[in-house]
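Residues per chain are reported as follows:
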Amino acid sequence: MQLYIAPRAPNPRRVQMFMAEKNISGIALVNVDLNQGEHRSAAFLAKSPQAKVPALELDDGRVLTETRAICTYLEGLYPEPNLMGHDFEDKAFIEMADRRAEWTLLLGAANAIRHTHPGLAALESPQFPAFGQSQLEKLKENAKVFDRILQNQTWMAGPRFTIADITAFCTLEFARGLLKFSPAQEGLQALQNWRDRLTERDSARA
Ligand SMILES: N[C@@H](CCC(=O)N[C@@H](CS)C(=O)NCC(=O)O)C(=O)O
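Residues numbered from 1 in each chain as written. Predicted model: local features only at pLDDT ≥ 70, side-chain atom pairs only at ≥ 80, totals over all residues. Heavy atoms only, no water.

1. What to know about the overall build of the protein
Here is step 1: When helices and strands are tallied, the protein shows 7 helices and 4 strands.
Here is step 2: Across the protein, helices and strands are ordered from the amino to the carboxyl terminus as β-α-β-α-β-β-α-α-α-α-α.
Here is step 3: Here the protein has a C-alpha radius of gyration of 17 Å; the compact-globule value for 206 residues is 17 Å, and the two agree.
Here is step 4: A buried classification covers 47% of the 206 residues belonging to the protein.
Here is step 5: Considering only contacts in the protein between residues 6 or more positions apart, those separated by 24 or more positions represent 66%. (Helix = DSSP H or I, 4+ residues; strand = E, 2+ residues; numbered from the N terminus. Rg over C-alpha atoms; globule rule 2.2 N^0.38 Å. Buried < 20%, exposed > 50% of the residue type's maximum accessible area, 1.4 Å probe, protein only. Contact = heavy atoms within 4.5 Å.)

2. Quick word on the packing of aromatic side chains
Here is step 1: Inspection of every chain in the model, using the stated rule, returns 2 aromatic pairs.
Here is step 2: Residues Tyr4 and Phe44 carry aromatic rings whose centres are separated by 5.6 Å and whose planes lie at 65° to one another, so their mutual orientation is edge-to-face. Of this pair, Tyr4 sits in strand E1 (residues 2-5) while Phe44 sits in helix H2 (residues 42-45), placing them 40 residues apart in sequence. Of the two residues examined, Tyr4 and Phe44, each falls in the buried class.
Here is step 3: Arranged with centres 5.5 Å apart and planes meeting at 85°, the rings of Trp155 and Phe161 form a pair that is edge-to-face. No difference in accessibility class separates Trp155 from Phe161, as the two residues are buried.
Here is step 4: Residue placement shows Arg197 over the ring face of Trp155; its charged tip is 5.0 Å from the ring centre.
Here is step 5: The ring of Phe161 has Arg201 lying over it, and the distance from NZ or CZ to the ring centre is 3.7 Å. (Phe/Tyr/Trp six-rings, centres within 6.5 Å; stacked < 30°, edge-to-face > 60°. Lys NZ or Arg CZ within 6 Å of the ring centre and 35° of its normal.)

3. Some words on the site of the ligand
Here is step 1: In the neighbourhood of the ligand, 14 residues make up the surrounding shell, with Lys52, Val53, Glu66, Thr67 and Arg114 lying closest.
Here is step 2: For the ligand, an oxygen atom lies 2.9 Å from a polar atom in the side chain of Arg114.
Here is step 3: In the complex, 84% of the free accessible area of the ligand, which totals 520 Å², lies under the protein chains.
Here is step 4: A per-element tally of the shell around the ligand places helix H1 (residues 10-21) first, with 3 residues.
Here is step 5: Broken down by class, the residue content of the shell around the ligand amounts to 7 nonpolar, 3 polar and 4 charged. (Near = heavy atom within 4 Å. Polar contact = N/O pair within 3.5 Å; in protein donor to acceptor, adjacent residues only side chain to side chain. Areas by Shrake-Rupley, 256 points an atom, 1.4 Å probe, with all protein chains shown as cover. Nonpolar A, V, L, I, M, F, W, Y, C, P; charged D, E, K, R; others polar.)

4. Topic: the side chain of Asp147
Here is step 1: Looking at the secondary structure, you find Asp147 in helix H5 (residues 129-150).
Here is step 2: With residues up to four places along the chain from it excluded, the contact list for Asp147 reads Leu188, Gln189, Ala190 and Leu191.

5. A short note on the domain arrangement of the protein
Here is step 1: Considered domain by domain, the protein is made up of domain 1 (2-77) and domain 2 (88-205).
Here is step 2: Computed over C-alpha atoms, the centres of domain 1 and domain 2 are 21 Å apart.
Here is step 3: Each partner contributes to the interface: domain 1 provides 16 residues, whereas domain 2 provides 21 residues.
Here is step 4: At the boundary of domain 1 with domain 2, total buried surface from both sides reaches about 1600 Å², with 58% on carbon and sulfur atoms. (Domains from an automatic or database assignment. Buried area = accessible area lost by both parts, 1.4 Å probe.)

6. Description of the side chain of His39
Here is step 1: Summarising the element assignment, His39 is placed in the loop between strand E2 (28-31) and H2.
Here is step 2: Here His39 falls in the buried class, since its relative accessible area comes to 4%.
Here is step 3: The contacts of His39, once residues within four sequence positions are left out, are Val32, Asp33, Leu34, Phe44, Leu45, Ala51 and Leu123.

7. Concerning the sheet that holds E1
Here is step 1: The 4 strands lie next to each other as E2-E1-E3-E4, forming an open sheet whose pairing is mixed. A single partner strand is all that each edge strand has here, and the edge strands are E2 and strand E4 (63-65). Across the sheet, the mean angle from the axis of one strand to that of its neighbour is 25°, orientation sign disregarded.
Here is step 2: Pairing geometry for E1 and strand E3 (residues 55-57), over 3 bridges, is antiparallel. Looking at the pairing, Tyr4 lines up with Ala55 of E3.
Here is step 3: Strands E1 and E2 of the sheet are contacted by H1, whose axis makes an angle of about 140° with E1.
Here is step 4: The strands touched by helix H3 (residues 67-77) are E3 and E4; relative to E4, the strand with the most contacts, the crossing angle is about 125°. (Pairing = 2+ DSSP bridges. Axes fitted to C-alpha atoms, helices over the stretch in contact; angles between N-to-C directions.)

This is the structure in structure tokens:
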């Protein structure tokens, strides 16, 4: 299998961190140069029609895109440690936490960065800086919800580390680097403590 990634991009990093948690080796990593538009080449579009990474090419030639779908596939192949839930209830609550992180943190951060950062101009054309700025404000508002959640539980989906922590962590690291977003500076100490605790995991360096 081959995993198409782009360095510093948050979605491929989610898959790489998921793989690191499960100690998965043997999947070749293939860099796609987004700045050079390699993801829009005919060869890559044949694999990923929406021109996005990550994409996981299976040994039979089929290609999976969408981070969560790739993780579902890998969870099936490598069930332990479990990151997406054991029974239907567990799965539903973890999916809820993961989608919350995806839709309210990742989407806001991605829009803020894509519409304000000069380094993303090649990917987001035209950029709408005022929209990007409004998304940064939304991100800060939404981060408060996660801070409140983490005042009462250790991890995003409850008492154990799951895929939802990976999604939220990769998002906050992306926002830390390109938006200089810091939970502590926003007064969100529970979110900051969760993030700092997470950096101690080996997978945080994936
Ligand atoms: N919904 C997709 C989003 C994938 C995505 O947006 N990937 C970004 C990198 S993090 C990308 O490939 N961007 C290239 C572009 O927008 O042109 C997923 O969950 O995998």
